[in-house]
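# Working through the structure, step by step
Here is how the chains run, residue by residue.
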Amino acid sequence: MQLSAIEWMRKIYTNGFKGQTLSISADFHNLEKAARERMSEKGFAYVAGGAGQEKSMDHNRQALDAVRIVPRMLKDVSKRDLSTSLLGQKLSSPLLLSPIGVLDLAKKNGELDVSRAAAAFKTPMIFSNQASVSMEECAKEMGESPYWFQLYWSKSDELVQSFLQRAENCGCSALVVTLDTTLLGWRPRDLNLGYIPFLQAKGLAQYLTDPVFNRLVTERMEEGPLPSSGKPTLQAILALIRLSSRYPGGSFWQKFRSKKGLYGVRTFIDTYVRTSLNWEDLKRLREYTKLPIILKGILHPDDAKLAVDYGVDGIIVSNHGGRQVDGSIASFEALPDIVQAVKKQIPILMDSGIRSGSDIFKALALGAEAVCIGRPYVYALAIAGEEGVKALIQHLLSELELTMGLCGCKSIGEITSEMIKYK
């Protein structure tokens, strides 16, 4: 499926000659603008927004923009190879798709579209803990392409173990534990709209298809009625109707009368994350799964050293796309110190702020072995579904390939820190 950069540009220009222009913009600014026009106000705010004044989002871009690429000349780059290896797997490129929850805010059953697009390029997809489609359904679309599972560590160890067993059973080849969301960040765009999708049972597919979670819901229903939240409003009744229609299993009226959807959402809220999570918990995680464990959210070199000490298999340097701590250090800014601390003992990946092939080049030059993208593929999904995500991946890989070639690199391994300078 993947075309070379030359083939892709030739196709674009040939189509342009015939009056056909790109459905997915080749630059992020126009991509985001087009997605905003397609998505609901609440959906776009949830995806696009960051924590506080969104300074961390700014920092992610500022850090990448502060680095300059230094091309080398007169190198034979007639053949260019984007392939690499990670955790013992051969990958077609150093690009992965970050776990993004609630993709039906962009397109109904959007996870399936993204899974098919990723499979077409053999690009690893990290299934979100907060997906709108279950991991089992997405796995069926991935074919022989690698896919991982992201975990938010619940208060219920039994639920965690159930998720991990399902991930293993459906063929996930690695586990990504997100560390930076033991509390939900202060996100003004969502707060101003009073909106979080989980209260409408959106993004809960992993839970609603899980036998342990459904047992917890039943037990919660047997405990008695939920606390009263005052006199019901028309808006609340309509929300309950939508929730009941969305919640799986049983007839609509049965779910509406029993308020099963409300019990399910309340059970999710009560068990969602564990604020007491600490390094010692990783020892138990090793007992729960045989999958390689990757920690996502590392920004301090001392935490990177601890990750190595505790025997994890990889790190994703990430500030969650600027969604958790306002004023946080940028992921790209944190990368060099973490690379130095880890000393190549385990692979290091990076996300947050990657918007182009040249950004990928810079991250690889500073020592990342692969990068993950998030918002760009959500926007492409909102605009053109599966084909939009395919086009977005092709854009990024084509620009990476051209950047490599124009800098004198014919393979990923030839990208080094000598090719960048800080302004």
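Note: the structure precedes this text.
The notes below deal with the structure included here.

Reading the values: the criteria
Each chain carries its own residue numbering, running from 1 in the written order of its sequence. Since the coordinates come from a predicted model, pLDDT governs what is reported: local features require at least 70, and pairs of side-chain atoms require 80 or more to be given and counted, while whole-chain, interface and lining totals use all residues. The side-chain figures draw on all heavy atoms in the structure; neither hydrogens nor water molecules are used. Helix and strand labels come from DSSP, where a helix needs a run of H or I of at least four residues and a strand needs a run of E of at least two; each type is numbered from the N terminus. Only the C-alpha atoms count toward the radius of gyration. The rule for a globule is 2.2 Å times the residue count to the power 0.38. Partly exposed describes any residue whose relative accessible area lies between the buried limit of under 20% and the exposed limit of over 50%, with all areas from a 1.4 Å probe on protein chains only and scaled to the type maximum. Pairs of residues are marked as contacts when any of their non-hydrogen atoms sit within 4.5 Å. Only the protein chains shown count as cover for residues, and all accessible areas are computed by the Shrake-Rupley method using a 1.4 Å probe. His is not counted, nor are the chain ends; Lys and Arg add positive charge and Asp and Glu add negative charge. To locate a charge, take atom NZ for lysine, CZ for arginine, CG for aspartate or CD for glutamate. A pairing counts as a salt bridge when a side-chain nitrogen of Lys or Arg comes within 4 Å of a carboxyl oxygen of Asp or Glu. To obtain an axis, a line is fitted to C-alpha atoms, over the contacting stretch when the element is a helix, and the angle between two such axes runs from 0 to 180 degrees between their N-to-C directions. In this scheme, roughly parallel covers angles under 35 degrees and roughly antiparallel covers those over 145, while 65 to 115 is roughly perpendicular and the rest are oblique. Three classes are used: nonpolar for Ala, Val, Leu, Ile, Met, Phe, Trp, Tyr, Cys and Pro, charged for Asp, Glu, Lys and Arg, and polar for all others, with Gly counted as polar. The set of buried Ala, Val, Leu, Ile, Met, Phe, Trp, Tyr and Cys residues whose side-chain atoms join them within 4.5 Å is what this entry labels a nonpolar core. We define a polar contact as two N or O atoms separated by no more than 3.5 Å, with the added condition that, inside protein, one atom must be a possible hydrogen donor and the other a possible acceptor, whereas residues neighbouring each other in sequence contribute only through side-chain atom pairs. Should the near helix be turned counterclockwise from the far one by less than a right angle, the crossing is left-handed, whereas a clockwise turn marks it as right-handed. At least two bridges found by DSSP between two strands are what make those strands a pair. Whether a crossover is right-handed comes down to one check: with the strands pointing away from the viewer, does the path from the first strand over the helix to the second run clockwise; if it does, it is right-handed. Only a pair of cysteine sulfur atoms within 2.5 Å counts as a disulfide in this structure description.

Here the focus is the overall build of the protein chain. Per the secondary structure count, the protein chain includes 18 helices and 12 strands. Computed over C-alpha atoms, the radius of gyration of the protein chain comes to 22 Å, within 12% of the 22 Å expected from 2.2 N^0.38 for 423 residues, which places it in the range of a compact globule. The principal-axis extents of the C-alpha atoms in the protein chain amount to approximately 75 × 55 × 40 Å. Out of the 423 residues belonging to the protein chain, those deemed buried represent 54%. Relative to all contacts within the protein chain whose residues are 6 or more apart in sequence, the contacts with residues 24 or more apart total 74%. Summing over all exposed atoms, the protein chain offers an accessible surface of approximately 19000 Å²; the carbon and sulfur share of this is 52%. In the protein chain, 52 positive and 46 negative side-chain charges are present, and the distance between their average locations comes to 5 Å.

Overall, the coordinates contain 23 salt bridges when judged by the stated rule. We note a salt bridge from Arg215 to Glu219, for which the minimum N-O separation is 3.0 Å. Here the residue Arg215 and the residue Glu219 both occupy positions in helix H10 (residues 211–222), the gap between them amounting to 4 residues, near one helical turn. What makes Arg215 partly exposed here is its relative accessible area of 33%. With relative accessibility at 36%, the residue Glu219 sits in the partly exposed group. With a closest N to O distance of 3.4 Å, Lys390 and Glu387 form a salt bridge. Of this pair, Lys390 and Glu387 both sit in helix H18 (residues 375–406), 3 residues apart, roughly one helical turn.

Let us now look at the packing of helix H7 (residues 157–169) against H10. Following both chains from N to C, one finds H7 and H10 inclined at 150 degrees, their axes separated by 8 Å at the closest point. One way to sum up the angle between H7 and H10 is to call them roughly antiparallel. Judged by residue contacts, Glu158, Leu159 and Ser162 of H7 engage Pro211, Val212, Phe213 and Arg215 from H10. Of the residues belonging to the contact of H7 with H10, the class tally is 4 nonpolar, 1 polar and 2 charged.

A positive phi is found at Leu74, a non-glycine position, where the angle reads about 55 degrees. For Val102, which is not a glycine, the phi torsion comes out positive at approximately 55 degrees. As for its position among the elements, Val102 is in the loop between strand S4 (95–97) and helix H5 (110–121). Under the relative-accessibility criterion, Val102 is labelled buried at 2%.

Bringing the nonpolar core into the picture now. In this structure, Phe127, Phe149, Leu175, Leu285, Val317, Tyr377 and Tyr379 are the most contacted members of the largest nonpolar core, which totals 114 residues. Of the residues forming this core, the biggest block, 15 residues, is contributed by H18. Those residues in contact with Phe149 that sit more than four places away from it in its chain are Ile126, Phe127, Ser128, Asn129, Met135, Phe163, Ala167, Cys172, Ala174, Leu175, Val176 and Gln206. Residues Leu91, Ala174, Leu349 and Ala370 belong to the second largest nonpolar core, which totals 12 residues.

With that settled, consider the side chain of Ser154. By secondary structure assignment, the location of Ser154 is in the loop between strand S6 (147–151) and H7. Judged by its relative accessible area of 2%, Ser154 falls in the buried class. For Ser154, the side chain forms a polar contact with the main-chain nitrogen of Ser156, separated by 3.0 Å. For Ser154, the residues in contact, after removing those within four places along its chain, are Leu159, Val160, Thr271, Tyr272, Val273 and Arg274.

Put simply, helix H15 (residues 301–309) and helix H16 (residues 331–342) touch, their axes get as near as 8 Å, and they point 35 degrees apart. Considering the relative orientation of H15 and H16, their crossing is right-handed. Mapping the contact onto sequence places Pro301, Ala304, Lys305 and Val308 in H15 and Asp337, Ile338, Ala341 and Val342 in H16. Residue classes in the contact of H15 with H16 are distributed as 6 nonpolar, no polar and 2 charged.

The two faces of strand S9 (residues 314–317) match: Gly314 and Ile316 on one face and Ile315 and Val317 on the other face are all buried. Bridge analysis of strand S8 (residues 293–298) against S9 gives 4 bridges, and the strand direction is parallel. Across the sheet, the residue bridging to Ile294 is Gly314, located in S9. Note that the unit made of S8, H15 and S9 has a crossover that is right-handed. Relative to strand S10 (residues 348–350), S9 runs parallel, the two sharing 3 bridges. Pairing of Ile315 across the sheet is with Ile348, part of S10.

The next subject is the state of the cysteines. One pass over the structure, following the stated rule, counts 0 disulfides. With no disulfide partner, Cys172 has as its closest neighbouring cysteine sulfur the one in Cys170, 3.9 Å distant. Between Cys372, a cysteine without a disulfide, and Cys172, which holds the nearest cysteine sulfur, the sulfur-to-sulfur distance is 15 Å. When its relative accessible area of 2% is taken as the criterion, Cys372 is described as buried.

Within the element layout of this structure, Ala139 appears in helix H6 (residues 135–142). Note on Ala139: relative accessible area 9%, which makes it buried. Distance from Ala139 to Leu112, taken between C-alpha atoms, is 9.0 Å for residues 27 residues apart in sequence. If sequence neighbours within four positions are ignored, Ala139 has contacts with Phe127, Tyr147 and Cys170.

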